[in-house]
Amino acid sequence: MKKKVLIIYTGGTIGMVRDHKTRTLVPFNFKAITDQIPELRHLNCNISFHSSHRPMDSSNVQPSFWEELATIVEKKYKTYDGFVILHGTDTMAYTASALSYMLENLGKPVILTGSQLPLGVIRTDAKRNLITAIEIAASTTIVPEVCVYFNSQLFRGNRVEKFTSSKFDAFHSLNYPVLAEAGVEMVFDHRAIALKPRKKLVVHRGFSKDVAILKIFPGLTAEVIEAIGSTKGLRGLIIETFGSGNAPTTHKFWER
Ligand code: ASP
């Protein structure tokens, strides 16, 4: 039996092609993706597509969008063996991380990928990112995790960070090994990959937006700290400190 993979298209650079008349990049009709990537016809799996709304730049991602994605995975969970989410790179790490906490007891691969160059550009990385992401989603080595696949590496979704906009290796994994490397062969690091859970998938929803991040830097004024700290309804403040948790001791704010 061929494996079934659902591709969920959300937007980002990967879905853009050059409009030769206007000489601008425009989102292309994803239903015609096999015209852009004929290789997809030769993959040893059945591929279906889902694109719910207008393709968006991932800077517009909101928690409600993560809930939409989790709902699609939940509804189609029984029908498909794996999922590939095509997403802009700018907030891909946030979406991957959020989904990894929303999809408890995930037993199937959910692979996010995108590209640095649009699909319609000759040197694009979109094709190889997409093709290998589909191969991982349909692989017999099941990676029951939310992952990011980019430039030959498979990362755990909640450990990844985008660190460059100009090179093809846009992501790296913080404090956790790479789950797989796609060279001539696909090499999985089985010790790093989560075990398949025996329990049923549980989807968590209900994000709070009453959270802020405060980055400490030399020159940060008491007014800025005060303004963020006294935001109405704020329930959580993540403070990005120096080194192992140091912050200036001079601000009165900390004394409160
Ligand atoms: N601005 C784009 C996005 O995140 C960049 C990309 O896809 O690489 O949607």
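The structure this text deals with has already been given above.
Residues numbered from 1 in each chain as written. Predicted model: local features only at pLDDT ≥ 70, side-chain atom pairs only at ≥ 80, totals over all residues. Heavy atoms only, no water.

Colleague: How would you summarise the overall build of the protein chain if you had to cite specific residues and measurements?
Modeller: Within the protein chain, the regular secondary structure consists of 5 helices and 16 strands. Computed over the C-alpha atoms, the radius of gyration of the protein chain is 20 Å, within 12% of the 18 Å expected from 2.2 N^0.38 for a compact globule of 256 residues. Overall, the protein chain is about 65 × 55 × 35 Å in size when its C-alpha atoms are taken along their principal axes. Expressed as a percentage of the 256 residues in the protein chain, the buried residues total 42%. Expressed as a percentage of contacts within the protein chain between residues at least 6 apart in sequence, the contacts between residues at least 24 apart total 70%. Entry remark: accessible area of the protein chain is about 14500 Å², with carbon and sulfur atoms responsible for 52%. (Helix = DSSP H or I, 4+ residues; strand = E, 2+ residues; numbered from the N terminus. Rg over C-alpha atoms; globule rule 2.2 N^0.38 Å. Buried < 20%, exposed > 50% of the residue type's maximum accessible area, 1.4 Å probe, protein only. Contact = heavy atoms within 4.5 Å. Areas by Shrake-Rupley, 256 points an atom, 1.4 Å probe, with all protein chains shown as cover.)

Colleague: Help me get a handle on unusual backbone geometry, residues and values and all.
Modeller: Its identity is not glycine, yet Arg23 carries a phi of approximately 60 degrees, on the positive side. Note that Arg23 resides in the loop between β2 (16–19) and β3 (24–27). When its relative accessible area of 69% is taken as the criterion, Arg23 is described as exposed. Despite not being glycine, Asn105 shows a phi value in the positive range, around 65 degrees. Relative to the helices and strands, Asn105 resides in the loop between β6 (103–104) and β7 (110–113).

Colleague: A description of helix α2 (residues 63–76) should follow, citing residues and the corresponding values.
Modeller: The end-to-end C-alpha separation of α2 is 20 Å, in line with the 20 Å expected for 14 residues at 1.5 Å each. All buried positions along α2 are accounted for by Pro63, Phe65, Trp66, Leu69, Ala70, Ile72 and Val73. (Expected span 1.5 Å × (residues − 1).)

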